[in-house]
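Inside the fold
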Amino acid sequence: MTNSYTDIGVSDCILIMGSNAAENHPIAMKWVLRAQEKGGTIIHVDPRFTRTSAKADIYVSMRPGTDIPFLGGMIKYLIEKDLIFKDYVLNYTNASFIVSEKFDFKDGLFSGYNPEKRAYDKATWVFERDEKGIPKRDDTLQNPGCVYQLMKKHYARYDLDTVSSITGTPKADLIKVYETFATTGKPDRVGTMLYAMGWTQHTVGTQNIRAASMIQLLLGNVGMAGGGVNALRGESNVQGITDMFLYHILPGYLPHPNAALENLEKYNATTPKTSDPMSVNWWGNRPKYIASLLKSFFGENATKENDFGYGWLPKFDVGQNASWLNMFDEMFNGKLSGFICLGMNPACSSPNSEKTRKALARLDWMVDIDLFENETSSFWKGPGMNPKKIKTEVFLLPAASSVEKEGSITDSARTAQWRYKACDPLGESKADGQIIHELYMKVKELYAKGGGAFPDPILKLKWDYAKDGKVDPHGVTKEINGYFLEDIAEHPVDKKAYKKGTLVPNFVFLLADGRTSCGNWLYSGGYNETGNMMARRDKTPIPTANIFPKWGYSWPLNRRIIYNRASVDPNGNPWDPKRAVIKWDGSKWVGDVPDNAVPPMALPNGKYPFIMKPDGVASLFGPGLADGPFPEHYEPLECPIVKNPLSSQRINPATPLFSGELDKFATCDPRFPFVGTTYRVTEHWQTGLMTRYQPWLVEAEPQMFCELSLDLAKLKGIKNGDRVTVSSPRGKIWAIAMVTNRIKPFNVADQIVHLVGLPWHYGWLVPKDGGDSSNILTPTIGDANTGIPEFKAFMVNVSKEERPKVEKKPDPKAKAKPEAKPEPKPAPKAETKK
Amino acid sequence: MAEGKSFFVDTAKCTACRGCQVACKQWKNLPAEKTINRGTNENPADLSFNTYKVVRMREEIVDGKLKWLFFPEQCRHCVEPPCAGMADNPAAIFKDEATGAVIFTAKTKGLKAKEIIESCPYNIPRKGKDGTLAKCDMCFDRVQNGLLPACVKTCPTGAMNFGERKEMLALANKRLGELKKVYPGAMLLNADDVRVIYLVAYKPELYCKYAVASNSGFGITRQMALARMFRPIRNIPLRLV
């Protein structure tokens, strides 16, 4: 999130798209409803009418996988009707920058495309620069080569008719949403966007969010109280783990090195640079963060002479994609022998479950660390498996639950909060940190005894997190904050003296010369000599905004709204004084922790507000992504229409394809004529592992179901409550049909497209009559940038189950069942016809 | 005006997360019912001896537009509880004077269950296997110890509220005023007669069959009227059996 949960409560307009906040983020929804209570408008755009739609002032439907046309249409609308916040756009974005003449876009492809590699050479996606290296600009925005004009040209194709024919959203509904959200382009009107997996889980997931960010920049809603682009993260502390590391990054979003960067000098040569004296370019500090990280990893063993142990870090092969889908593809192809699975249930959560489950059977060993037995740890006795023929040796280590251990947890709003242990772990279960510690000590012992191919990364690791064999979470958190490793007589930042062994105040004090350590620069400042900032529980807000700086600790530097220097005009006065986030009082900033303490850009020594971008401004033209500098619509891998109405490129040209024996796909195939989409409900959690063992939650949502419209039910002879079979090219599952007015067919490119909605909470293990995972149906394909699987749009069929109906025992207690098995009322004709 | 405690249930803020339904079972340690998906999210199908609270989820077309209406159904703790009048046995059903909670004890086993159930204008009490009657008790044990009822404590959106009756009525009227601006048909349901005051935006019968007091089949029966007429003033035991 750019902003915070509490801040949603002051918004004038909340666009919830790609999210079912009411069901999956009930606490976020609390703040949404607070905003509504104060007169704010809730807009919900979603393929299904959900519990969120039920609370919205405006609900609009759209076909899964068509967010870019929907949002692209809004960009066109804002530009055409000149509803943008011009001062903001001109000063704080790259709208005026001149793009290289060699840049081009034709028929769905940007310049530099290589069809064999399914990848772009991005050499032409650059700005024209002057002799100093500063981008050339045209502040009149008239130059046909400037970002504004290129963007206008790009989205001119996204007219209402075209957008409506792709999304299936009636034109009047599109206009209603565009009109309403566009009102937030005024300085004193602020709109926010809330999204979740409905935007990310597509082959164009990253570009969905780019499109949203562009709108928020055009309307001047980024950095503002009640504004921003806000990801509601789907798992507690998933923000924390993202901040710590992912497959392609080291802690704190430092790029993971590859084999071509064989030493620290080469790694540091990739540090973002700027020639513009008005750009802060905070990423220019990266060498300090990698040096401090290596010192934290390897301690005394890390010296200037040995590149602080950089050589001991694992490196990717050049061009290697180590994302989730690739990992399971390699596992399926027998290239991985072992797998440690910690706190997840891929046999149910990963797409194309049959492939995933078979991949597990090709391992030599698997260590599964979890609270309970699950479909992954017990894959070998699952449906279609013959335990006698499976070689994988499985170890299930019992983990402690969240209330049985102490530590920090980071919410979507980047706020880390300290949590205390309520009771000791049950039986032999242990906290994750303890398990990893014991595993490491054992591995180290084996390496020390027997050597091995490359023992140094293990043996040279500094590992002092345990006292008497017990991991101390405070010690780990201090390590993450970072220490001064030597006495510093005069620190270059504040000229003050710092003692060896004391905690650094925050990441501003980190050094590239090995005199500081830091486990993750973003969290530096969270546990320093003032104490554990994450344990703070003071509910005092700042006077003019609904943010609470003394509650927990938000990275970076306890900033609650990032990019907040864009919430003021170039002289430092808030665009919206009623909801001021920060203000320049003539000598310093007051309010939230400013996005850098430098003066506002119009004053002497002033700087641009977007400090993480080398050019200091936000990117309407974003050359950093794999699939283009402007979001462009491509259909999902499996879709119901033969041709993309916007270009000859049906699917995202930069998305890697999988072509193994179980990677089956079918598009516009009469055997699978309906669009499938997966989602969660309030009552279950992720694959359901923590909820399917819980009788009260199983009582509320007992069985796998699928939602379908009255029209589709009629077409297929399905009645509400029937057991049905849902199939895709990859497999089939049973489900209970929920025939509902909340699902409506889409009128797409003059054809009727039906939707089948599927929760993904169930698994064969428990409850016994609950059904299996809907990921048996989903395809192995991911986003071009992140690799997140396309769970939200694929093709299925649905039909009445052929085998005899399972005998339903009448419930003796439910004698007085006045309202059992409600049949949905047929909608009036005006509703069904689009 | 009656004092004591009251709930205010703002259905405009209810997202049917069903946290209240589950929190109720958790605090009361009530077993889960064996349910199946009946083609609706709503489950269990009805209140029962082991289920004191069910969130009703209704898809309705209002003025040509789809609405999904949520209604956490529970005992209303009537200001003048007909069930207590019908039972005419404070050892079995009594009203706690301090809070106004209507409490069923194990002694309900000795009552004519059908009569008690039929006396309820909201169709709330349910009979167990041995004839004992059960329903929501306002989390009497929690409230006596200064805690909120479990369902209120767990509600994430502010739909479930609990406090002094005066405060709840004030809050209810404030929210009614706000909601009326958007939904002219908004209303409070039987606010004068019950301690669980619902605010709805549309016609109450769309939310739940027994959203408002039923006029037919329930209400004051002859037996009840007689029972009331001859009811002696007794000391109401505060002890829960």
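Please read all numbers here as calculations on a predicted model, not as lab measurements.

1. Thoughts on the overall build of chain B
For chain B, the helix and strand inventory stands at 8 helices and 10 strands. Residue pairs at least 24 apart in sequence account for 63% of intrachain contacts in chain B once pairs closer than 6 positions are excluded. Accessible surface computed for chain B: about 10,200 Å², of which carbon and sulfur atoms make up 54%.

2. Quick word on helix α19 (residues 473-481) of chain A
Residues and elements named next belong to chain A. For α19, the set of buried residues is Thr477, Glu479, Ile480 and Asn481. As for α19, its buried residues are in contact with α11 (238-244), α13 (286-298), β16 (415-419), β19 (483-484), β20 (516-517) and β21 (527-528). Sitting at the head of α19, Asp472 places a side-chain oxygen 3.1 Å from the backbone nitrogen of His474. In the segment just after α19, Gly482 is the residue with positive phi, at about 105°.

3. Quick notes on unusual backbone geometry
Glycine aside, a negative phi is what most residues show, and trans is what most peptide bonds show. Look at the link from A:Trp555 to A:Pro556: it is a cis peptide, with omega at -10°. Summarising the element assignment, A:Pro556 is placed in the loop between β23 (553-554) and β24 (582-584). Positive phi, normally seen in glycine, also occurs at A:Asn352, with a value near 55°. Looking at the secondary structure, you find A:Asn352 in the loop between α15 (346-349) and α16 (353-360). With a phi close to 55°, B:Asn123 is a non-glycine residue in the positive phi region. Its place among the elements puts B:Asn123 in the loop between α3 (113-119) and β6 (126-127).

4. Comments concerning the pairing of strand β2 (residues 54-62) of chain B
Burial of β2(B) is extensive: 7 of the 9 residues sit out of reach of the surface. In textbook terms, the turn of a hairpin is the stretch between consecutive antiparallel strands, and for β2(B) and strand β3 (residues 65-73) of chain B this stretch comprises 2 residues, one of which, B:Asp63, has a positive phi near 50°.

5. Observations regarding the environment of A:Tyr158
Residue and element names in this part refer to chain A. As for its placement among the helices and strands, Tyr158 is situated in the loop between α6 (147-156) and α7 (160-167). Residue classification places Tyr158 among the buried positions, given a relative accessible area of 1%. Sequence separation between Tyr158 and His633 is 475 residues; the distance between their C-alpha atoms is 9.5 Å.

6. Focus on the interface of chain A and chain B
Contacts between the two partners involve 49 residues from chain A and, on the opposite side, 49 residues from chain B. Approximately 4,200 Å² of surface area, both sides summed, lies buried where chain A meets chain B, with 54% of it carried by carbon and sulfur atoms. Where chain A packs against chain B, one counts 6 salt bridges. B:Lys25 serves as the salt-bridge partner of A:Glu699, at 2.5 Å between the closest nitrogen and oxygen. Mapped onto the side of chain A that touches chain B, the elements with two or more residues apiece are α2 (21-24), α3 (26-37), α20 (695-700) and β29 (731-739) of chain A. Split into classes, the residues belonging to the side of chain A that touches chain B amount to 23 nonpolar, 7 polar and 19 charged.

7. Quick notes on the confidence of the model for chain A
Residues and elements named next belong to chain A. When pLDDT is averaged across chain A, the result is 95; 96% of the residues are at 70 or more. In the model, residues 814-820 has pLDDT below 50 throughout and makes 10 contacts with residues more than four positions away in sequence or in other chains. Taken together, the stretch residues 828-834 has pLDDT below 50 and engages in 13 contacts with residues farther than four places along the chain or on a different chain.

8. Focus on the pattern of salt bridges
Evaluation of the coordinates by the stated rule reveals 55 salt bridges over all chains. The salt bridge partner of A:Lys76 is A:Glu80, with a shortest N-O separation of 2.6 Å. Taken as a pair, A:Lys76 and A:Glu80 lie in helix α4 (residues 67-80) at a separation of 4 residues, close to a single helical turn. Taking the relative accessible area as the measure of exposure, A:Glu80 reaches 53% and is therefore exposed. Within this structure, B:Glu42, B:Asp46, B:Arg56, B:Arg58, B:Glu73 and B:Arg126 form a network of salt bridges that share partners.

9. Some points on the packing of α4(A) against α7(A)
Residues and elements named next belong to chain A. Contact geometry of α4 with α7 gives a least axis separation of 9 Å together with a crossing angle of 160°. Between α4 and α7, the crossing angle belongs to the class labelled roughly antiparallel. Here α4 and α7 pass one another in a crossing that is left-handed. Where α4 abuts α7, its residues Pro69, Phe70 and Gly73 lie against Val163, Ile166 and Thr167. Tallied by class, the residues present in the contact of α4 with α7 amount to 4 nonpolar, 2 polar and no charged.

Calculation rules
- The numbers attached to residues start from 1 for each chain and follow its sequence in the written order.
- Going through the entries in the order they are written, you letter the chains from A and number the ligands from 1.
- With pLDDT at 70 or above as the cut-off, local features in this predicted model cover only qualifying residues; side-chain atom pairs require 80 or more to be listed or tallied, and sums for whole chains, interfaces and linings still use all residues.
- Computation of side-chain values: all heavy atoms of the structure, hydrogens and water removed.
- Note on conventions: DSSP H or I runs of at least 4 residues are helices, E runs of at least 2 residues are strands, and numbering of each starts at the N terminus.
- Any two residues whose heavy atoms approach within 4.5 Å at even a single point are treated as in contact.
- Method for areas: the Shrake-Rupley scheme with a 1.4 Å probe, in which residue coverage is limited to the protein chains shown.
- Exposure categories follow from relative accessible area, calculated using a 1.4 Å probe and restricted to protein chains: below 20% of the type maximum is buried, above 50% is exposed, and the middle band is partly exposed.
- Distance and chemistry together define a polar contact, namely a pair of N or O atoms within 3.5 Å, with one atom able to donate a hydrogen and the other to accept it when in protein, and with adjacent residues in sequence counting only for side-chain atoms on both sides.
- Only strands joined by at least two bridges in the DSSP assignment are considered to pair.
- Buried area counts how much accessible surface, traced with a 1.4 Å probe, disappears from two parts once they are put together, with both parts' losses summed.
- One speaks of a salt bridge when a side-chain nitrogen belonging to Lys or Arg is within 4 Å of a carboxyl oxygen belonging to Asp or Glu.
- Note on residue categories: nonpolar means Ala, Val, Leu, Ile, Met, Phe, Trp, Tyr, Cys or Pro, charged means Asp, Glu, Lys or Arg, and polar means any other residue, Gly included.
- The pLDDT value expresses, per residue, how confident the predictor is, ranging between 0 and 100.
- Simply put, an axis is a line fit to the C-alpha atoms, just over the touching stretch for a helix, and the angle between two N-to-C directions goes from 0 to 180 degrees.
- Orientation is classified from the angle alone, with under 35 degrees giving roughly parallel, over 145 giving roughly antiparallel, 65 to 115 giving roughly perpendicular, and any other angle giving oblique.
- Left-handed describes a crossing whose near helix is turned anticlockwise from the far helix through less than a right angle; right-handed describes the clockwise counterpart.

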